[in-house]
Amino acid sequence: ADVLERALAHLLDQHATAPETLAELLAQGQRGAALNVTHALKGSAATVGACRLVQGCQQLEVQLRQNLQQPWQAVLDELDCELNRLAQVRQPPAAS
């Protein structure tokens, strides 16, 4: 469990702002850089078994590789939601 906790901490530390970074890169037309960020996030998510996050990354990768003009915000919102959910899992509930 300790290895998984460290992997989750790494995911959240390294990729917490990935949706915002991706939004900026896509707005600037930097698809290659966005693909790199997405791929790194997908790898970290796969390490901790974050299936929904992996699926969102895979969806975005396909769209980027096919050079589709997409409304990116829905996918980015989904990635952000999953990252927030993982952050809540990482933090135990406050003692009452």
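As the structure is a computational prediction, the values presented were derived from the model and not from experiment.

Participant: What is the right way to look at the side chain of glutamate 82 in this model?
Facilitator: On the secondary structure map, glutamate 82 appears in helix 5 (residues 73-90). By relative accessible area, which is 6% here, glutamate 82 ends up buried. Once residues lying within four places of it in the same chain are set aside, the contact partners of glutamate 82 are Arg52 and Leu53.

Participant: Is there a simple way to think about the packing of helix 1 (residues 2-15) against helix 5 in this case?
Facilitator: To characterise two packed helices, one gives the angle between the axes of the helices and the distance between these axes. For the pair helix 1 and helix 5, interaxial distance at closest approach is 10 Å and the crossing angle is 135°. Classified by the interaxial angle, the pair formed by helix 1 and helix 5 is oblique. With respect to the hand of their crossing, helix 1 and helix 5 are arranged in left-handed fashion. Two secondary-structure elements touch here, helix 1 through Leu8, Ala9, Leu11, Leu12, Asp13 and His15 and helix 5 through Leu83, Leu86, Ala87 and Arg90. Its residues placed into classes, the contact of helix 1 with helix 5 shows seven nonpolar, one polar and two charged.

Participant: Would you mind showing me how to read helix 3 (residues 31-47) here?
Facilitator: Given 3.6 residues per helical turn, the α-helix brings residues three or four places apart onto the same face. Its 17 residues place the ends of helix 3 24 Å apart at the C-alpha level, agreeing with the 24 Å of an ideal helix rising 1.5 Å per residue. If you follow the buried residues of helix 3, they end up packed against helix 1, helix 2 (18-27), helix 4 (51-65) and helix 5. The positive-phi residue at the C-terminal boundary of helix 3 is glycine 49, with phi of around 75°.

Cut-off values and rules
Residues numbered from 1 in each chain as written. Predicted model: local features only at pLDDT ≥ 70, side-chain atom pairs only at ≥ 80, totals over all residues. Heavy atoms only, no water. Helix = DSSP H or I, 4+ residues; strand = E, 2+ residues; numbered from the N terminus. Buried < 20%, exposed > 50% of the residue type's maximum accessible area, 1.4 Å probe, protein only. Contact = heavy atoms within 4.5 Å. Axes fitted to C-alpha atoms, helices over the stretch in contact; angles between N-to-C directions. Parallel < 35°, antiparallel > 145°, perpendicular 65-115°, else oblique. Left-handed = near helix turned anticlockwise from the far one by under 90°. Nonpolar A, V, L, I, M, F, W, Y, C, P; charged D, E, K, R; others polar. Expected span 1.5 Å × (residues − 1).

Don't take any of this as a statement about function, it's just geometry.
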